[in-house]
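Working through the structure, step by step
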Amino acid sequence: MTVDYRAPTQRGSEYAPCPFPWLTIEVALYAALVAAALALRLAALGRFPLSAPEASMVLTAWRTVRGGELMPTLYSPLLVAADMALFWLTRATDAATRLVPALAGAALVALPFAVRRTLGRGAALVTATLLAFAPSWVFYSRTGEWPIVATALAAGLVVASDRYRQSGTRLDARLIAVLLGAGLAAGPGLITPLLVMAAYGLLWARGRSLLGRAQLRGLALGAATRDNVLVAAGVFVALASALWVNPAGIGAAANLMGHWVGSLAPGASGRGMGALPTLLLTYEFLTVALAIAAGVFGARRRAPLDALLLGWAALALVLGVLLGHRGPEWLLDALLPLVVLAGRGAAYLWEALRREVSVADAVALVAALALGAFALLEIAGYLLTTQQQFLIYGLLVLGALVLAWVGFWLWGEPLQAARVGTAVVALFAIGLTVRTTTAIAYQTARDPREPLVGMVALPQAGEMNAFVALLSDHLTGDTRALEVAYERDLNPWAAWYLRDYAAAREVASVAPAGAE
């Protein structure tokens, strides 16, 4: 006789494995950040008219699709190839030409997830949050120019290089080759990271034993195989030439590399030495503050990663302060290492200040936030009405708040004072960052007073196009049959927005002969 000693089971007590074991809270947070970043970048994407670089590049793509001649201008061949593909598949619109940068900016948010073990999980999550919502990243993701695409590919190259350093696999080496070829076709944003990685590799090898130098040599030889070189060259040629539809794109890519070198002359941009730091402090004050915190903590701990990021940021600032990379298009060169440092700084601050949080901290925080909000409202009232009493009240409250915090530090607990002060500053900085992001994305994206924007012509291009169509319909019975003459100085905007008018032509001047 066989006896079964298995314990009786109750209905519903069996273990049911999770159908999605990969779906952790961390993965869900990154997915939510990418979705929010994508929504932020795609909303009203075609609301504002194109800038001069956007219009030049999109006109190049449109004329190529229509069989016309290319414009002799500096452009990103990768973006032109993407625009050509989109124009073949869809209509040529302002939103279509900004679609690839918007997707690149959203994809950039997911990259910290791939290096979360190198950066630290908390630091990587903060970095992804800043990439999703900080003003400069959102602005360039909603602009059809090369900086965000080149920076995204440069960041991908750095991530792939870090993975290859740890794994040494052929797959990661092949990924480096693909990203290198695509990055060279996108714009000059890849050059600075390449210089940083080369310098870091040399310094790392000098400080290691013979075995370490042999390891580095092996990694380099494994990445620079003949197959990988051919893959990088093939990807570059295919993307730069748009599968040989636009072979002149190869020369345009070389021109962009030359643009990086030519812009090093201190007077190349026509801007002062403080232009780039002013941009950083105007739009990325939260990132800069957290990066400074990372520098302080990293120096105390002698963390090699923080030293590498600080050296990268220092090189970009030297290029943008002492040399000529002072224009807005070079901002992301310096901002990429700073945003990673900012994530590290937030993690360091959290680790240092989270201990022994008490109810008194919460009370002090609420009181400080209330007083700070009142002071900011008073200052805002002064800015709106220019009445001196608002400014006086606001400054008095701010002064009292600072004195209270100093007293809290001297006669209370320094750790509690640091915790409350850091939380107050961080919350107000986050609020101002969100406000700056929404303003630069949806309100002032073509305001010439914005340092990121510069001068913009044809601010009412959409209204002009609608008016010309209405006038053409009234005079000719066809919304696209009107003969339109526009001055050469209005290019490339006029050529783009009047592209559907077959009789539109460029003239030196529309003024009558002899008119002053």
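Reading the values: the criteria
- Residues numbered from 1 in each chain as written.
- Predicted model: local features only at pLDDT ≥ 70, side-chain atom pairs only at ≥ 80, totals over all residues.
- Heavy atoms only, no water.
- Patch = residues over 30% accessible without salt bridge, like charges linked within 9 Å, V, L, I, M, F, W, Y side chains within 5 Å.
- Areas by Shrake-Rupley, 256 points an atom, 1.4 Å probe, with all protein chains shown as cover.
- Salt bridge = Lys/Arg side-chain N within 4 Å of Asp/Glu carboxyl O.
- Helix = DSSP H or I, 4+ residues; strand = E, 2+ residues; numbered from the N terminus.
- Buried < 20%, exposed > 50% of the residue type's maximum accessible area, 1.4 Å probe, protein only.
- Core = buried A, V, L, I, M, F, W, Y, C linked by side-chain atoms within 4.5 Å.
- Contact = heavy atoms within 4.5 Å.
- Polar contact = N/O pair within 3.5 Å; in protein donor to acceptor, adjacent residues only side chain to side chain.
- Axes fitted to C-alpha atoms, helices over the stretch in contact; angles between N-to-C directions.
- Parallel < 35°, antiparallel > 145°, perpendicular 65-115°, else oblique.
- Left-handed = near helix turned anticlockwise from the far one by under 90°.
- Nonpolar A, V, L, I, M, F, W, Y, C, P; charged D, E, K, R; others polar.

**Some remarks on a nonpolar patch on the surface**
- A cluster of nonpolar side chains, namely Val402, Trp405, Val406, Trp409, Leu410 and Trp411, defines an oily patch on the protein surface of about 680 Å² accessible area.
- Take Trp409: it is sitting in helix 20 (residues 388-411).
- The class for Trp409 is partly exposed, based on a relative accessible area of 37%.

**Observations concerning the environment of Gly262**
- Locating Gly262 in the fold gives a position in helix 14 (residues 248-262).
- Since its relative accessible area comes to 46%, Gly262 is described here as partly exposed.

**Points about the nonpolar core**
- The biggest cluster of nonpolar side chains holds 113 residues, and the ones touching the most others in it are Phe87, Trp137, Val149, Leu452 and Trp496.
- Not counting the four nearest positions on each side in its chain, Trp496 is found in contact with Leu50, Val58, Leu59, Trp62, Phe87, Ala92, Thr93 and Asp94.

**A closer look at the environment of Ala495**
- Residue placement: Ala495 occurs in helix 23 (residues 493-497).
- Relative accessible area serves as the criterion here: at 8%, Ala495 is assigned to the buried category.
- Linking Ala495 and Ala55, residues 440 residues apart in sequence, is a C-alpha distance of 8.7 Å.
- Discounting residues that sit within four places of it in the chain, Ala495 has contacts with Leu59, Arg63 and Tyr486.

**So, the side chain of Ser263**
- Among the secondary structure elements, Ser263 is positioned in the loop between helix 14 and helix 15 (275-283).
- Taking relative accessible area as the criterion, Ser263 reaches 7% and is therefore assigned buried.
- A distance of 2.7 Å separates a polar atom in the side chain of Ser263 from the backbone oxygen of His259.
- Leaving out residues up to four positions away in the same chain, Ser263 has contacts with Ala268, Gly324, His325 and Trp330.

**Observations concerning the packing of helix 20 against helix 21 (residues 414-442)**
- It is the contact of helix 20 with helix 21, at a shortest axis distance of 7 Å, that shows an interaxial angle of 150 degrees. Between helix 20 and helix 21, the angle falls in the class roughly antiparallel. The crossing of helix 20 and helix 21 is left-handed. Where helix 20 abuts helix 21, its residues Trp405, Phe408 and Trp409 lie against Pro414, Gln416, Ala417, Ala418, Val420 and Gly421.
- Counted by class, the contact of helix 20 with helix 21 contains seven nonpolar, two polar and no charged residues.

Spatial relationships are all this shows, so hold off on functional conclusions.
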